[in-house]
Amino acid sequence: MPERTNRAHAIIVMGVSGSGKSSIGEKLAEALSLRFIEGDQLHPASNVEKMSKGIPLTDADRMPWLDLIGEAMKAALAKGDGVIVSCSALKRIYRERLRVAAGGNLFFVYLEGSKELLSERMGHRSGHFMPTSLLESQLETLEVPTGEPGVVTVDIDDTIEDIAEEARKKLAPLGVA
Ligand SMILES: Nc1ncnc2c1ncn2[C@@H]1O[C@H](COP(=O)(O)OP(=O)(O)O)[C@@H](O)[C@H]1O
Ligand SMILES: O=C(O)[C@H](O)[C@@H](O)[C@H](O)[C@H](O)COP(=O)(O)O
């Protein structure tokens, strides 16, 4: 379990594509006065190209990307800054790698929602490289993090503001405020 202290924390807003990682991450960062990093922007070009073609990423594709996210969190924490990053973090081994990178000082906000709602939200998005056809493989790959240390789960069937507020309330007892 991450320590309860007043020091800077790293938070990853996680979930499958369309769950609202970018939207909630930005809102939560605003509420907690933390810097927000869009994890999608750290993907190597080859990953973006693959996803654009509707090809799911493999573990080998994701590892260099997770390491870049890990380095970004580590750099922020080293300066004493808290940071929020959006990252699908679908498997437990990915989350463990990210926890190690953040020196154990990492919390996850897991955005949980039905396939129908996720598909609807992905469908409404324009100009994004991720096709809705990849939702199926995202859901198959997802290992639900609920119950792991430092994880809070929030339901996405709400407004962006209320979801971010729910996440903030659930993080507060863990020492993240
Ligand atoms: N709670 C919400 N209510 C309504 N629309 C939402 C909500 N969360 C996200 N969206 C919209 O759904 C789409 C996917 O959200 P996004 O933040 O890009 O998700 P992700 O980063 O997980 O792929 C975007 O068009 C976004 O504006
Ligand atoms: O691990 C993965 O397969 C990808 O990282 C994926 O989960 C991620 O969601 C994409 O970057 C698409 O971006 P959005 O999540 O913003 O749709």
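Residues numbered from 1 in each chain as written. Chains lettered and ligands numbered in written order. Predicted model: local features only at pLDDT ≥ 70, side-chain atom pairs only at ≥ 80, totals over all residues. Heavy atoms only, no water.

- Under an unreviewed UniProt entry, the protein has the name Gluconokinase and belongs to Rhizobium mongolense USDA 1844.
- Note on the protein: under the UniProt heading Catalytic activity (unreviewed entry), the record states "D-gluconate + ATP = 6-phospho-D-gluconate + ADP + H(+)".
- UniProt annotates the protein under Sequence similarities (unreviewed entry) with the comment "Belongs to the gluconokinase GntK/GntV family." (UniProt positions renumbered as here; feature names shortened; annotations may be inferred.)

### A few points about the overall build of the protein
Step number 1: Tallying secondary structure elements over the protein gives seven helices and five strands in all.
Step number 2: Along the protein, helices (α) and strands (β) appear in the sequence β-α-β-α-α-β-α-β-α-α-β-α when read from the amino end.
Step number 3: For the protein, the C-alpha radius of gyration of 15 Å lies close to 16 Å, the compact-globule estimate for 177 residues.
Step number 4: Taking all 177 residues of the protein together, 46% fall into the buried category.
Step number 5: Pairs at least 24 residues apart make up 76% of the contacts formed inside the protein by residues separated by at least 6 positions.
Step number 6: Surface summary for the protein: the accessible area is close to 8,500 Å², and the carbon and sulfur share equals 50%. (Helix = DSSP H or I, 4+ residues; strand = E, 2+ residues; numbered from the N terminus. Rg over C-alpha atoms; globule rule 2.2 N^0.38 Å. Buried < 20%, exposed > 50% of the residue type's maximum accessible area, 1.4 Å probe, protein only. Contact = heavy atoms within 4.5 Å. Areas by Shrake-Rupley, 256 points an atom, 1.4 Å probe, with all protein chains shown as cover.)

### Structural notes on the site of ligand 2
Step number 1: Taken together, 14 residues form the shell around ligand 2, and within it Ser17, Lys21, Asp40, Arg62 and Arg125 come nearest.
Step number 2: Ser88 is positioned with one of its side-chain polar atoms (N or O) 2.8 Å from an oxygen atom of ligand 2.
Step number 3: Contacts to ligand 2 include His128, whose side-chain N or O atom sits 3.3 Å from an oxygen atom.
Step number 4: About the coverage of ligand 2: the protein hides 98% of its 390 Å² of free accessible area. (Near = heavy atom within 4 Å. Polar contact = N/O pair within 3.5 Å; in protein donor to acceptor, adjacent residues only side chain to side chain.)

### Brief notes about the environment of Ile156
Step number 1: By the element assignment, Ile156 lies in the loop between strand E5 (151-155) and helix H7 (160-171).
Step number 2: Residues Ile156 and Gly20, 136 residues apart in the sequence, show an inter-C-alpha distance of 7.6 Å.
Step number 3: Look past the residues within four positions of Ile156 in its chain and what remains in contact with it is Ser19, Leu111, Glu112, Gly113, Leu117, Leu118, Arg121 and Ile163.

### Quick word on the site of ligand 1
Step number 1: Neighbouring residues of ligand 1: 15 residues in total, closest Lys21, Ser22, Ser23, Arg125 and Asp158.
Step number 2: At 3.3 Å from an oxygen atom of ligand 1 is found a main-chain nitrogen or oxygen belonging to Ser19.
Step number 3: Going through the elements one at a time, helix H1 (21-32) and H7 are the ones with two or more residues in the shell around ligand 1.
Step number 4: Among the elements that line the shell around ligand 1, the one with the most residues is H1, at three residues.
Step number 5: Here the residues of the shell around ligand 1 sort into four nonpolar, seven polar and four charged. (Nonpolar A, V, L, I, M, F, W, Y, C, P; charged D, E, K, R; others polar.)

### Notes on helix H4 (residues 92-101)
Step number 1: Those residues of H4 lying buried are Tyr94, Arg95, Leu98 and Arg99. Along the long axis of H4, the arc covered by the buried residues comes to 140°, so they all point the same way.
Step number 2: The inward-facing, buried residues of H4 abut strand E1 (10-14), helix H3 (59-78), strand E4 (106-112) and E5.
Step number 3: A positive phi of about 65° marks Gly103, the residue just after H4. (Arc of directions from axis to C-beta.)

### Topic: the nonpolar core
Step number 1: The biggest cluster of nonpolar side chains holds 52 residues, and the ones touching the most others in it are Ile12, Met73, Leu98 and Val109.
Step number 2: Considering each element in turn, this core owes the most residues, seven residues, to H3.
Step number 3: Here Met73 is in contact with Ala10, Ile12, Val83, Val85, Leu98, Ala102 and Leu106, once residues within four sequence places are set aside. (Core = buried A, V, L, I, M, F, W, Y, C linked by side-chain atoms within 4.5 Å.)

### Topic: the sheet that holds E5
Step number 1: If you trace the five strands from one edge of the open sheet to the other, you get E2-E3-E1-E4-E5, paired in parallel fashion. The outermost strands of the open sheet, each flanked by one partner alone, are strand E2 (35-38) and E5. On average, adjacent strands in this sheet sit at an angle of 20° to one another, irrespective of strand direction.
Step number 2: Note that E1 and strand E3 (residues 83-86) share four bridges and pair parallel. Counterpart to Ile12 in the pairing with E3 is Val85. (Pairing = 2+ DSSP bridges. Axes fitted to C-alpha atoms, helices over the stretch in contact; angles between N-to-C directions.)

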